[in-house]
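Below are the chains, spelled out letter by letter.
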Amino acid sequence: MLNKLFGRMTLADAAMYTVGLALTGAIVAGSVATLSSGKYTLAQWQDLLIFGLAQGSIYALIALGYTLVYGVLRMINFAHSEVFMSGPYTAYFFARYLFNIGFLEAQPVAGLLIVSAISMFTSMAIALTVERIAYRPLRKAPRLVPLITAIGASFFLQYTFRGLYGSGIDRYPELAILKGSFTVLGVRVLTTQALVIVAAALAMGLLYAFVMLSKTGKAMRAVSEDKETAQLMGIDVDRIITTTFALGGALAGAAGVLYAIIFGQVQFYMGFVPGIKAFTSAVLGGIGNVPGAMVGGLFLGVFESVGPSLFLDGLGIPAPNQLKDAIAFTMLVFVLIFRPSGILGERLATKKA
Amino acid sequence: MLERRLSRLLVLGCFGALLAACAPAAKPYECTDAIGCVTIAPGAPVHLAYALVVAGPDAVLGEDSKRGIEIAIDDKGTFRGHKIELTGEDTGCNAEGGQAAAQKLAADKTIVAVIGTSCSSEARVAAPVLRDAGFTMVSPSNTAPDLTKPEKHVAGYMRTAHNDELQGAVAAAFAYTTKGIKKAATIHDGSIYSQSLAEVFEKRFKELGGEIVAGEAVQPTDTDMRPVLTNIAAGKPELIYYPCFTSAAAFITSQAKEVPGLESVQLMGADPMYSVDYLKAAGEAAKGVWNSSPDFSAFAGGYKDFLDKHQKKYGEAPLSAFHAHGYDAANIVFAALEKVVTADADGTLHFGRQALRDAMFATKDFKGITGNLTCSATGDCSDTKIAVYEIVNADPASWNPTGTTNTNPLKISQ
């Protein structure tokens, strides 16, 4: 049995497994040391977990945009981080206006829905424009070509928005109903974070239902599986691709508003880091796989939040939170060593053969 | 009558012709300077350059200093009949931006001197490039201690901004001695400026008898500070000292009070948080935050005039803390240039780069608006006075750092 396992392993595999095992060892040792030191209370661990879930659900929503596009086109839409930025930054000006005339405080629910709608609409419009101008003419080109235009589109959008709205930082107005916190099952949750987690879960649920149950969703899955055959079956592939970009854009716009709710600040560069993290989440969960993006996002958010305190603190590393990004990417390596196609595997919701 | 006038003209004309004929022949300018000379032809401007962060989230920091330089140029008018021209590069408040800006400026040999950089991490990489190009640079806002430490000082680097050895000490003394705070935590963002200031604060605070319960760090691009704040909360500090730049500082400010255990913690930052953009980014949580900054009330008499000119030229109060330092930096360059420049009869100016550098480092008891500046051999020129301020109103529209009434931020140290 053992012989069979080692017999099939190449040297590179063995090296990767050694790295993986060393990481596991470090993680376990660090966690044991931290937990046995009793530095943090149970309530603090719960807080870290909730912070991570809130951050993770935003990653997940953005990651869905990457994963959907990858699913149908097999390309990484690097302009997606700017699609994410464009929505909340544009909606900010409406939010500020609504706040100044007192509407946002008087009708917070309606106000937030209006702001979200504007954000989602803007992001969707930007996503569709990018698809039409930068990707569609290159559909038949080699796969690296749209990748490069995606990076170009990303820079173009970033600096266009810098030109439009300036390079400073703006802050969303703070609403009275979103302040404070409440307790669910003995766990303290900030109102903003509860809203973010619930809204993100709702959006993801709706998307999943759409992909699995609707006719368009079925067509999307068909295009993802085999574009030519889908076309032969009478599916308008271009329309499906447009729908996919629209869905991804709308989700990014929703993620943007949620980001603005928990973090407040908007600026032209705000998409870059969440974009990279969301892409990481998508790969982590298995790119092209809708539930995978959700799982990957949550997983990454929680690891970033809990990881520094849990693994690194115990190992005696000073200022562990500085290494949050290192943890995120180490996690990616770690998962890919043991599961090269991500936690849930690749492919957009196909029947597993 | 007419004859006399004619003859006088003739004499004058002859004299002029003689001068024109003799001057270049008698004493043509010869460059003997070790690192090269600059010639400014008649009609060409005296070219000053800036390397400041004028775009991005920390733009107010550089924009503020740039306005100081512009007012200094307005005040100077012309230099021996030459216009004074200011051009520059954005440095982005990071090492890469500083490097790129320095490389670009180094290629332009008409530049007389460089005013910059804004952030200490830029200076660390820009200084050697500008030194090799023969320029002298004066920073209006670098404060990291090791830039002027003898073993790390780069020739041709000087600053009118204070050294953080002093800023950190004032902050620690204010917290411990004036306010009786015994337990503090620090957060820095990994930049040279932020890390060294946090270290100075920790050292001084401990020397005074206080306890540092946590020394943490974040990335300048981080947005979720709640995990790091939760770690800090475990040590139950009374004060968090976080000398970070605008974006990270604002995230820490707005998220600190949401973390259990930190509801009543006092927040304290440093000079980058003394800006209108910080108020914009931090929102309501900025109210009550302390920060240390140059003590504007202790500035020299000329500061009042400067503020009037600023108000007239830009229609608003200074954006951040280093406008006066920019003004003084430009004036140090002008004063030194006056000493070393030689002029030809046609108005051509010559000077040696090393001579200018030496003259700038020889600045002694210079009456600037930030005080009486005397430059040390390693380039510390500041006449440092630091005060601690409290942000008393979080609304950016209330930003009025230099007002006589309704001042915001308000000076709270003696």
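Residues numbered from 1 in each chain as written. Chains lettered and ligands numbered in written order. Predicted model: local features only at pLDDT ≥ 70, side-chain atom pairs only at ≥ 80, totals over all residues.

Mind showing me how you'd approach the overall build of chain B here?
The helix and strand inventory of chain B stands at 12 helices and 18 strands. When the backbone C-alpha atoms are referred to their principal axes, chain B occupies close to 95 × 45 × 35 Å. The burial tally for chain B puts 56% of its 414 residues in the buried class. Sequence-distant contacts in chain B: of pairs separated by 6 or more residues, those separated by 24 or more amount to 73%. (Helix = DSSP H or I, 4+ residues; strand = E, 2+ residues; numbered from the N terminus. Buried ≥ 20, exposed ≤ 12 C-beta atoms within 10 Å, placed from the backbone. Contact = placed C-beta atoms within 7 Å.)

What should I look at first to understand unusual backbone geometry in this one?
Only a minority of non-glycine residues have a phi that is not negative, and only a minority of peptide bonds are not trans. Residues and elements named next belong to chain B. The omega torsion across Gly116 and Thr117 is 5 degrees, close enough to zero to call that bond cis. By the secondary structure assignment, Thr117 is in the loop between strand E5 (111–116) and helix H4 (120–132). At the junction of Asn408 and Pro409, the peptide bond is cis and its omega measures out at 0 degrees in the coordinates. Following the sequence through the fold, Pro409 ends up in the loop between strand E17 (386–390) and strand E18 (410–411). The phi torsion at Lys236 lies on the positive side, around 50 degrees, for a residue other than glycine. Within the secondary structure, Lys236 sits in the loop between helix H7 (226–233) and strand E10 (239–241). On the neighbour-count criterion, Lys236 (13 C-beta atoms within 10 Å) is partly exposed.

Looking at this structure, I do not really get the domain arrangement of chain B. What am I missing?
In many analyses, interface size is given as the accessible surface area lost on bringing the parts together. Residue and element names in this part refer to chain B. Entries for chain B in the domain assignment read domain 1 (38–161 + 322–383) and domain 2 (165–285). On a C-alpha basis, the centres of domain 1 and domain 2 stand 31 Å from each other. Contacts between the two partners involve 13 residues from domain 1, matched on the other side by 14 residues from domain 2. Elements with a contribution of two residues or more to the side of domain 1 that touches domain 2: helix H2 (59–76) and H4. When residues of the side of domain 1 that touches domain 2 are assigned to their parent elements, the largest contribution, 3 residues, is made by H4. Class assignment of the residues belonging to the side of domain 1 that touches domain 2 gives a composition of 7 nonpolar, 3 polar and 3 charged. (Domains from an automatic or database assignment. Nonpolar A, V, L, I, M, F, W, Y, C, P; charged D, E, K, R; others polar.)

Hey, could you run me through the confidence of the model for chain B in this one?
Detail in the predicted coordinates should be disregarded across regions flagged by low pLDDT. The pLDDT averaged across chain B works out to 87; a share of 93% of its residues lies at or above 70. The complex model carries a pTM of 0.83, and its ipTM stands at 0.82. (pLDDT = per-residue confidence, 0-100.)

Even after reading the chapter, I still don't get the packing of helix H4 (residues 80–100) of chain A against helix H7 (residues 144–165) of chain A, so can you show me in this structure?
When two helices pack together, you describe them by how their axes are tilted relative to each other and by the distance separating the axes. Residues and elements named next belong to chain A. Packing of H4 against H7 brings their axes to within 9 Å, and their N-to-C directions diverge by 20 degrees. Compared by their axis directions, H4 and H7 come out roughly parallel. Relative to H7, H4 is oriented so that their crossing is left-handed. For the pair formed by H4 and H7, the contact residues are Ser81, Glu82, Met85, Ser86 and Tyr89 on the first element and Ser154, Leu157, Gln158, Phe161 and Tyr165 on the second. Counted by class, the contact of H4 with H7 contains 5 nonpolar, 4 polar and 1 charged residues. (Axes fitted to C-alpha atoms, helices over the stretch in contact; angles between N-to-C directions. Parallel < 35°, antiparallel > 145°, perpendicular 65-115°, else oblique. Left-handed = near helix turned anticlockwise from the far one by under 90°.)

Just checking my understanding: could you explain helix H13 (residues 290–312) of chain A for this structure?
Each full turn of the α-helix corresponds to 3.6 residues, which orients residues three or four apart in the same direction. Residues and elements named next belong to chain A. With 23 residues, H13 ought to run about 33 Å at 1.5 Å a step, and its terminal C-alpha atoms sit 31 Å apart, in line with that. Bending of H13 peaks at approximately 55 degrees at the position of Val306, with proline Pro308 no more than four residues after it. For H13, the buried fraction is high: 21 of the 23 residues fall into the buried class. (Expected span 1.5 Å × (residues − 1). Bend = angle between axes of the 7 residues up to and from the residue.)

So what exactly am I meant to see when it comes to the pairing of strand E12 (residues 290–294) of chain B here?
On a regular strand, one side chain projects to one face of the sheet and the next to the other, so that they alternate. Residue and element names in this part refer to chain B. Of all 5 residues in E12, 5 are buried; the element is thus mostly enclosed. Pairing of strand E11 (residues 266–269) with E12 involves 2 bridges; the strand directions are parallel. Within the sheet, the bridge partner assigned to Gly269 lies in E12 and is Asn291. The parallel pair E11 and E12, bridged by helix H9 (residues 276–282), forms a crossover whose chirality is right-handed. Here E12 pairs with E17 via 5 bridges, running antiparallel. Considered in E17, the bridge of Ser292 is made with Val388. (Pairing = 2+ DSSP bridges. Right-handed = clockwise from strand over helix to strand, strands pointing away.)

Where do I start with helix H12 (residues 353–361) of chain B in this structure?
Residues and elements named next belong to chain B. Counting buried positions along H12 gives 7 out of 9 residues, so the element sits mostly inside the fold. Those residues of H12 not exposed but buried are Arg353, Ala355, Leu356, Arg357, Ala359, Met360 and Phe361. Buried positions along H12 lie against strand E1 (37–40), E5, strand E7 (157–159), helix H11 (323–340) and strand E14 (349–352).

Got a minute to help me understand the pairing of E17 of chain B in this structure?
Pairing of E17 of chain B with E18 of chain B, which is carried by 2 bridges, proceeds in the antiparallel orientation. In the strand pairing of E18 of chain B, Glu390 of chain B is matched with Leu410 of chain B.

Whenever I open this one, the environment of Ala63 of chain A confuses me. Can you help?
Residue and element names in this part refer to chain A. With respect to the helices and strands, the residue Ala63 is situated in helix H3 (residues 42–73). Taking the C-alpha atoms as reference points, Ala63 and Ser81, 18 residues apart in sequence, are found 9.8 Å from one another. Apart from residues no more than four positions distant in its own chain, Ala63 is found in contact with Ala278, Ser281, Ala282, Ala293, Gly296 and Gly297.

What am I meant to see in the sheet that holds strand E13 (residues 342–343) of chain B here?
Picture the strands of a sheet paired through backbone hydrogen bonds; they go either parallel or antiparallel. Residue and element names in this part refer to chain B. Spatially, E1-E14-E13 is the arrangement adopted by the 3 strands of the open sheet, whose pairing is antiparallel. Of all strands in the sheet, those with a lone pairing partner are E1 and E13, marking the two edges. Summarising the sheet, E13 and E14 pair through 2 bridges and their orientation is antiparallel. Across the sheet, Thr342 pairs through a bridge with His350, a residue of E14.

Before we go on, may I ask you to explain the interface of chain A and chain B in this structure?
Contacts between the two partners involve 30 residues from chain A, matched on the other side by 32 residues from chain B. Listed by contribution, the elements that provide at least two residues to the side of chain A that touches chain B are H3, strand E1 (170–171), strand E3 (187–190), H13 and helix H14 (324–338) of chain A. The dominant element in the side of chain A that touches chain B, judged by the number of residues it contributes, is H3 of chain A, at 6 residues. Grouping the constituent residues of the side of chain A that touches chain B by class yields 11 nonpolar, 11 polar and 8 charged.

Sorry if this is basic, but what is going on with the sheet that holds E5 of chain B here?
All names here are of chain B. Strand order in this open sheet of 6 strands is E3-E4-E2-E5-E6-E7, and the pairing throughout is mixed. The open sheet has two free edges, formed respectively by strand E3 (78–79) and E7, since each of these has just one partner strand. Of the pairings in the sheet, the one linking strand E2 (residues 46–52) to E5 comprises 5 bridges and is parallel in character. Looking at the pairing, Leu48 lines up with Ala113 of E5. Here helix H3 (residues 95–106) sits on the sheet in contact with E2, strand E4 (82–90) and E5, set at roughly 145 degrees to E4.

Explain the packing of H3 of chain A against helix H8 (residues 191–213) of chain A here, please?
All names here are of chain A. Packing of H3 against H8 brings their axes to within 9 Å, and their N-to-C directions diverge by 35 degrees. At the point where H3 passes H8, the crossing takes the left-handed sense. Touching Ile50, Leu53, Ala54, Ser57, Ile58, Ala60, Leu61 and Leu64 of H3 are Gln193, Val196, Ile197, Ala200, Ala201, Ala203, Met204 and Leu207, all from H8. Considered class by class, the residues forming the contact of H3 with H8 number 14 nonpolar, 2 polar and no charged.

What is the right way to read the nonpolar core from this model?
Most often, soluble globular proteins have nonpolar side chains that are buried together. By size, the foremost hydrophobic cluster in this structure holds 231 residues, and its most contacted members are Ile240 and Val333 of chain B. The greatest single-element share of this core, amounting to 18 residues, is contributed by H3 of chain A. Residues lining this core come from more than one domain, with at least three contributed by each of domain 1 (38–161 + 322–383) and domain 2 (165–285) of chain B. Those residues in contact with Ile240 of chain B, other than ones at most four positions away along the chain, are Ala185, Ile187, Ile232, Ala256, Val265, Leu267 and Met268 of chain B. (Core = buried A, V, L, I, M, F, W, Y, C linked by C-beta atoms within 7 Å.)

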